[in-house]
Amino acid sequence: MNKFIFVLIVLNFSSTATASNIQTKIEGQIDASYDSGSDSVSWLDKGWGTTRFGKHNDKLSISRAALTGRIDFANSWSLFGVAQYVPEPKVTLGFTEAYLQYQPIAKGYQVSAKIGAFYPKMSLENTGFAWSSPYTYNYSALNAWLGEEIRAIGTELTIKRPARRFRSKYDLSFHTAIFKGNDPAGTLIAWRGLLPHDRQTHLNERIGFASLYSLQKPQLSKQFQYSDPFHEIDGRFGFYAGAHLAYLKKHSLRVYWYDNNGDPAAINESIGQYAWDTSFLSVAWKSKLSSQTHLVMQAMSGSTAMGPGRGVDNDFRSWFALLSHKWTAYRFSARFEKSKVIDKDHWVFDPNSSDNQALTLHIDRSINDNWKLGIEWLYSDSWLSYRYKSGLPLNVTDKVWRVTFSYKF
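The shown structure was predicted, so the numbers you read here are calculated from the model rather than taken from an experiment. (Residues numbered from 1 in each chain as written. Predicted model: local features only at pLDDT ≥ 70, side-chain atom pairs only at ≥ 80, totals over all residues. Heavy atoms only, no water.)

Caption draft 1: Just the overall build of the protein, in detail. For the protein, the helix and strand inventory stands at three helices and 20 strands. A globule of 409 residues ought to have a C-alpha radius of gyration of about 22 Å, and the protein, at 21 Å, matches this closely. Along the three orthogonal principal directions, the C-alpha set of the protein runs to about 65 × 50 × 40 Å. In the protein, which comprises 409 residues, the share counted as buried stands at 54%. (Helix = DSSP H or I, 4+ residues; strand = E, 2+ residues; numbered from the N terminus. Rg over C-alpha atoms; globule rule 2.2 N^0.38 Å. Buried < 20%, exposed > 50% of the residue type's maximum accessible area, 1.4 Å probe, protein only.)

Pasting the structure below:
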């Protein structure tokens, strides 16, 4: 992955070395947080907890630091990258996005393309700096999963009909991409569930989960105890297609279909990862009820399967509704969400069902253009069927406080 991105950068610089007008922009943000944590060990430490920070994590830490860089060249090409630091389960620094974009100036329809590693623009919640949320610290469970296991490593084509150029009330755009390298996506849905948090996976990072009895069985013994989501396993191309519709910049709709086209019988034994056959529909809506009040909703429904004969076979669905109001220097936000994984297979030794609901309450205050202080409360009620072998109760409730100082530069 890193070699692929490096080659793209070298090729672009070599083809634009004679450009006379090159503009660069670098921005960054550092979040220092106190998190009350849960009484359980976090899944990041291979425990059964449902929150990012558990009882083995430091209460006070640099919870996230991000740096974005953009280089605009005179020939309509630009280079964009996002690097992030996280402290757990070990201190890591890596890229979450890195791509080249071509966007020529047009008078009517606007056509653009990009190549590299990037997020599909499904979310109307994660529209902040470095794919964060401007409304809450913890993302909804469905967008948190996108940040963990979904990334397109390929090329995307966008065709946009800007409202102002056609004297229309509607902005309309179509997005389609083909990609590789996202075959293990679905691992965390089956063996951990959908959970709200704010951690994004680096492009060369593995995400662990609690030790599972089922992975000791012959049928799953080749699967390692982690998700390595950005690998190509079966040689197939995946794709997604989406449409954006906006009315007077007040109401926005995004509809996407994603399919990694995975062969569930394919496995890379050297890294212990199967190709999961994962596809889903995502529908997101945002309304500006006023210039200060926003309503954001999103729903996702899909399926994921792996193993010979689709031995692990699950449906999943998740939705949330978020209301946010900005008053002077303050922002108040509240989000309710529900997520569910339905186990459809006949491997009784590997239960995958889960049912989660969560409420998030958030308030922050902008001190000046650079500093912000916020506090957030997360209530999470989770029922996880695979806890039964651990001797823990199937149903766990977590109530977590978080206080964050943010510095942006």
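Caption draft 2: Looking closely at a positive patch on the surface. Taken together, the side chains of Lys-121, Lys-160, Arg-164, Arg-165, Lys-249 and Lys-288 define a basic patch exposed on the protein surface. With respect to the helices and strands, the residue Lys-121 is situated in the loop between strand E5 (110-118) and helix H2 (141-149). (Patch = residues over 30% accessible without salt bridge, like charges linked within 9 Å, V, L, I, M, F, W, Y side chains within 5 Å. Areas by Shrake-Rupley, 256 points an atom, 1.4 Å probe, with all protein chains shown as cover. Salt bridge = Lys/Arg side-chain N within 4 Å of Asp/Glu carboxyl O. Lys, Arg positive; Asp, Glu negative; His and termini not counted. Charge placed at Lys NZ, Arg CZ, Asp CG, Glu CD.)

Caption draft 3: A look at a nonpolar patch on the surface. A surface patch of nonpolar side chains, amounting to about 840 Å² of accessible area, comprises Tyr-34, Leu-60, Ile-367, Trp-371, Leu-373, Ile-375, Trp-401, Val-403 and Phe-405. Those elements that place two or more of their residues in the nonpolar patch are strand E19 (371-384) and strand E20 (395-408). Residue placement: Leu-373 occurs in strand E19. Given the relative accessible area of 34%, Leu-373 is considered partly exposed.

Caption draft 4: Up close: the pattern of salt bridges. All chains considered together, the criterion is met by 17 salt bridges. Of the charged contacts in the structure, one is a salt bridge between Lys-114 and Glu-156, with a shortest N-O distance of 3.8 Å. Taken together, the positions of Lys-114 in strand E5 and Glu-156 in strand E6 (residues 152-161) put the pair 42 residues apart, joining distant regions of the chain. According to the relative accessible area criterion, Glu-156 is buried, its value standing at 6%. One network of salt bridges, in which partners are shared, links Arg-52, Glu-88, Asp-198, Arg-199, Glu-205 and Arg-402.

Caption draft 5: Region of the structure containing the environment of Leu-195. For Leu-195, the location among the structural elements is in the loop between helix H3 (187-191) and strand E8 (207-208). On the basis of relative accessibility, which here comes to 1%, the residue Leu-195 falls in the buried class. Taking C-alpha positions, Leu-195 is 15 Å from Ile-342, a pair spaced 147 residues apart along the chain. Non-local contacts of Leu-195, meaning those with residues more than four positions away in its chain, are made with Trp-43, Gly-49, Thr-50, Ala-141, Ala-144 and Asn-356. (Contact = heavy atoms within 4.5 Å.)

Caption draft 6: Representation of the packing of aromatic side chains in the model. One pass over the structure, following the stated rule, counts 27 aromatic pairs. Note on Phe-179 and Tyr-240: the rings are 6.3 Å apart at their centroids and 35 degrees apart in plane angle, and the pair reads as tilted. One end of the pair, Phe-179, is in strand E7 (residues 170-180); the other, Tyr-240, is in strand E10 (residues 238-247), with 61 residues separating them in the sequence. Geometry around Tyr-99 places Lys-114 over its ring, the cationic atom sitting 4.7 Å from the centre. Here the basic side chain of Arg-192 rests over the ring of Trp-43, its NZ or CZ set 4.7 Å away from the ring centre. (Phe/Tyr/Trp six-rings, centres within 6.5 Å; stacked < 30°, edge-to-face > 60°. Lys NZ or Arg CZ within 6 Å of the ring centre and 35° of its normal.)

Caption draft 7: Representation of the side chain of Asn-143. By the element assignment, Asn-143 lies in helix H2. The class for Asn-143 is buried, based on a relative accessible area of 0%. A distance of 2.7 Å separates a polar atom in the side chain of Asn-143 from a polar atom in the side chain of Glu-125. Beyond its immediate stretch of four places on either side in the chain, Asn-143 contacts Ser-123, Glu-125, Asn-126, Trp-131, Gln-298 and Phe-320. (Polar contact = N/O pair within 3.5 Å; in protein donor to acceptor, adjacent residues only side chain to side chain.)

Caption draft 8: Layout of the nonpolar core. Membership of the largest hydrophobic core comes to 36 residues, with the highest contact counts inside it found for Trp-145, Leu-146, Tyr-240, Phe-280 and Phe-316. Of all the secondary-structure elements, those providing two or more residues to this core are strand E3 (77-86), H2, E7, strand E11 (251-259), strand E14 (277-288), strand E15 (293-306) and strand E16 (312-327). When residues in this core are grouped by element, the largest group, five residues, is from H2. Counting residues in hydrophobic clusters, the runner-up holds 21 residues, among them Leu-195, Leu-215, Met-306 and Trp-347. (Core = buried A, V, L, I, M, F, W, Y, C linked by side-chain atoms within 4.5 Å.)

Caption draft 9: Summary view of the pairing of strand E1 (residues 23-35). Two elements, E1 and strand E2 (residues 60-72), share 12 bridges in a ladder whose sense is antiparallel. Among the inter-strand pairings, Gln-29 is bridged to a residue of E2, identified as Ala-66. (Pairing = 2+ DSSP bridges.)

Caption draft 10: Geometry of H2. Burial runs high along H2: nine of the nine residues are buried. For H2, the complete set of buried residues consists of Ala-141, Leu-142, Asn-143, Ala-144, Trp-145, Leu-146, Gly-147, Glu-148 and Glu-149. Buried residues along H2 sit against H3, strand E9 (226-227), E14, E15, E16 and strand E17 (330-343).

Caption draft 11: Representation of unusual backbone geometry within the structure. Of note, the amide linkage connecting Glu-88 to Pro-89 takes the cis form, showing an omega dihedral of 0 degrees. With respect to the helices and strands, Pro-89 occurs in the loop between E3 and strand E4 (92-102). With phi around 65 degrees, Lys-46 is a residue other than glycine that occupies positive phi space. Relative to the helices and strands, Lys-46 resides in the loop between E1 and E2. Here the phi dihedral of Ser-76 falls at roughly 75 degrees; this positive angle occurs in a residue that is not glycine.

Caption draft 12: Structural context of the confidence of the model for the protein. Averaged over all residues, the pLDDT of the protein is 92; the fraction at 70 or higher stands at 95%. This stretch, residues 1-19, has a pLDDT under 50; its non-local contacts, to residues over four places away or in other chains, come to 21 contacts. (pLDDT = per-residue confidence, 0-100.)

Caption draft 13: Structural view of the side chain of Ser-112. Mapped onto the secondary structure, Ser-112 falls in strand E5. Given a relative accessible area of 10%, Ser-112 falls into the buried group. Discounting residues that sit within four places of it in the chain, Ser-112 has contacts with Gln-101, Tyr-102, Gln-103, Glu-156, Leu-157 and Thr-158.

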